[in-house]
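Structural features, examined
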Amino acid sequence: MSKRQYLVAGNWKMNGSTASNRSLVEGIVAGAGDCPKVEILVCPPSVYLCPVAALLGGGVRLGAQNLADQDKPGAYTGEIHGTMLREAGCDYVLVGHSERRALYGESDAVVAAKFGVAQALDLVPVLCLGETLAERDAEQTEAVLARQLDAVLDRSGVHAFARAVIAYEPVWAIGTGRTASTAQAQEAHAFIRGRLAALDATIAGSVRILYGGSVKPDNARELFAGVDVDGGLIGGASLKSQDFMAICAAAQAQ
Ligand code: 13P
């Protein structure tokens with residue numbers, strides 16, 4: 001079976017401005033044609049989704065970083081409903097990023113609810129999973145990944161993963177400059193895929209699992225070589241078009 005299509009996603013987190021977004025997007029759009037094998041996604045802060053959508057044109061996809069866990073719009077001050085993200089031009093939405101879990105108290109149950117709402121509204125959820133350093137040191141990595149994945153499986157079922165992406169992001173590698181080794185990433189990805197395969201081998205074989213955590217132009221090629229690694233979720237390096245496109249080129253070269 002040929003490998004799944006690579007996806008390289010930029011999570012801009014709470015960064016950017018009208019001026020910096022413009023030059024970043026211009027650089028991405030200019031380089032996207034050199035990476036025809038790779039699906040490219042950018043996830044700006046929500047206030048910039050519409051202007052970024054207008055700059056993107058057709059080739060590069062748009063995603064949000066978060067959505068409300070509510071089925072319907074209504075009196076939820078400060079929240080953004082998935083229909084609004086669709087209207088802004090989003091195809092994807094990140095769900096359960098470790099910063100949302102750790103800093104904003106998102107439990108496995110909330111993450112699972114957001115995953116379900118996203119799918120019901122025709123957004124593709126990018127489900128982020130990953131262990132902390134203490135959990136890795138305590139040899140709890142697989143238990144944590146299983147718990148985080150099972151919360152979504154229990155609520156939405158394995159078939160939901162026919163229209164979803166998973167991102168393995170070890171918390172200790174995010175923004176630290178410390179990257180998982182190719183073997184560590186591949187091992188975690190294989191575990192996640194194996195857990196899905198126990199339920200449905202076809203869906204497990206088709207779901208894309210991205211690696212995230214200090215992916216840079218100089219390590220992307222090696223990380224993306226893992227047989228179960230289908231691209232990356234990029235933080236810091238997605239804010240410089242040259243670096244982001246070099247990472248896309250590393251996926252293209254696989
Ligand atoms: P860094 O690439 O800055 O480590 O961030 C990774 C990340 O959290 C992407 O969602």
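To be clear, the structure that these remarks concern was listed above.
Per chain, residue numbering runs from 1 following the sequence as it is written. Only residues with pLDDT of at least 70 get local features here, since the model is predicted, and only at 80 or more are side-chain atom pairs given and counted; chain-wide, interface and lining totals rely on the full set of residues. As a rule here, side-chain values come from all non-hydrogen atoms in the structure, and water together with hydrogens is ignored.

Brief notes about the site of the ligand
If a single non-hydrogen atom of a residue is within 4 Å of a molecule or strand, that residue counts as near it. Around the ligand, the neighbouring residues are Asn11, Lys13, His97, Glu169, Ala173, Ile174, Gly175, Gly213, Ser214, Leu233, Gly235 and Gly236. Lys13 places a side-chain nitrogen or oxygen 2.8 Å from an oxygen atom of the ligand. At 2.8 Å from an oxygen atom of the ligand is found a main-chain nitrogen or oxygen belonging to Gly236. Only the protein chains shown count as cover for residues, and the accessible areas themselves come from Shrake-Rupley with a 1.4 Å probe. In the complex, the protein chains occlude 96% of the 310 Å² of accessible area that the ligand would expose alone. For this classification, Asp, Glu, Lys and Arg are treated as charged, while Ala, Val, Leu, Ile, Met, Phe, Trp, Tyr, Cys and Pro are nonpolar and the rest, including Gly, are polar. In terms of residue class, the shell around the ligand is made up of three nonpolar, seven polar and two charged. Between N or O atoms, a polar contact is any pair within 3.5 Å; within protein, one atom must be a potential hydrogen donor and the other a potential acceptor, and residues adjacent in sequence are included only when both atoms are from side chains.

Some words on the state of the cysteines
Pairs of cysteine sulfur atoms within 2.5 Å are identified as disulfides in what follows. Summed over all chains, the structure comprises zero disulfides. Just so you know, Cys128 is unpaired, no disulfide at all, and the nearest cysteine sulfur is the one on Cys43, 9.0 Å from it. Only protein chains enter the accessibility calculation, which uses a 1.4 Å probe; a residue is then buried when its area is under 20% of its type maximum, exposed when over 50%, and partly exposed in between. Accessibility expressed as a relative area gives 2% for Cys128, which makes it buried. Cys35 supplies the cysteine sulfur nearest to Cys248, a cysteine that is in no disulfide, at a spacing of 5.3 Å.

Quick word on helix H5 (residues 108–120)
Going along the chain from the N terminus, every DSSP run of H or I of four or more residues is numbered as a helix, and every run of E of two or more is numbered as a strand. Expected helix span is given by 1.5 Å per residue-to-residue step, counting one fewer step than there are residues. Between its first and last C-alpha atoms H5 spans 18 Å; for 13 residues at 1.5 Å apiece the expected length is 18 Å, and the two agree. The element H5 is extensively covered by neighbouring structure, given that ten of its 13 residues are classed as buried. Of the residues making up H5, those classed as buried are Asp108, Val111, Ala112, Ala113, Lys114, Phe115, Gly116, Val117, Ala118 and Gln119. Between two residues, a contact is recorded if the distance between any of their heavy atoms is within 4.5 Å. On its buried side, H5 packs onto strand S4 (92–95), helix H4 (98–103), strand S5 (124–129) and helix H7 (141–156). Asp122 sits one or two residues past H5 and shows a positive phi near 70°.

Observations concerning the packing of H5 against H7
For helices, the fitted line uses only the C-alpha atoms of the stretch in contact; every axis is such a line through C-alpha atoms, and the angle between N-to-C directions lies from 0 to 180 degrees. As a packed pair, H5 and H7 sit with axes 9 Å apart at the nearest point and diverge in direction by 50°. Judged on the interaxial angle alone, H7 and H5 are oblique. Our pair here, H5 against H7, has a crossing hand that is right-handed. Every residue of H7 that contacts H5 at Asp108, Ala112, Ala113, Phe115 and Gly116 is listed here: Arg147, Gln148, Ala151, Val152, Arg155 and Ser156. Of the residues assigned to the contact of H5 with H7, the class counts are five nonpolar, three polar and three charged. Roughly parallel means an angle under 35 degrees; roughly antiparallel means over 145; roughly perpendicular covers 65 to 115; every other angle is labelled oblique. Handedness of a crossing follows from how the near helix is turned relative to the far one, being left-handed for an anticlockwise turn of less than a right angle and right-handed for a clockwise one.

Considering the pairing of strand S7 (residues 208–212)
With respect to burial, S7 is a largely interior element, five of its five residues being buried. On S7, burial covers both faces: Arg208, Leu210 and Gly212 on one face and Ile209 and Tyr211 on the other are all buried. Sheet analysis places strand S6 (residues 165–168) next to S7, joined by four bridges and oriented parallel. Pairing of Ile166 across the sheet is with Ile209, part of S7. In short, DSSP must find at least two bridges between two strands for them to pair. In terms of strand pairing, S7 meets strand S8 (residues 231–234) through two bridges, oriented parallel. Directly across from Gly212, in S8, lies its bridge partner Leu233.

Considering the packing of aromatic side chains
What counts as a ring pair is set by centres within 6.5 Å for rings of Phe, Tyr and Trp (its six-membered ring), and what kind of pair is set by the plane angle: stacked under 30 degrees, edge-to-face over 60, tilted for all other angles. Inspection of the entire model under this criterion finds three aromatic pairs. Consider the rings of Phe115 and Phe161, whose centres lie 5.3 Å apart with planes at 35°: the pair is tilted. With a gap of 46 residues between them, Phe115 in helix H5 and Phe161 in the loop between H7 and S6 connect regions that are remote in the sequence. The residues Phe115 and Phe161 share a single accessibility class, namely buried.

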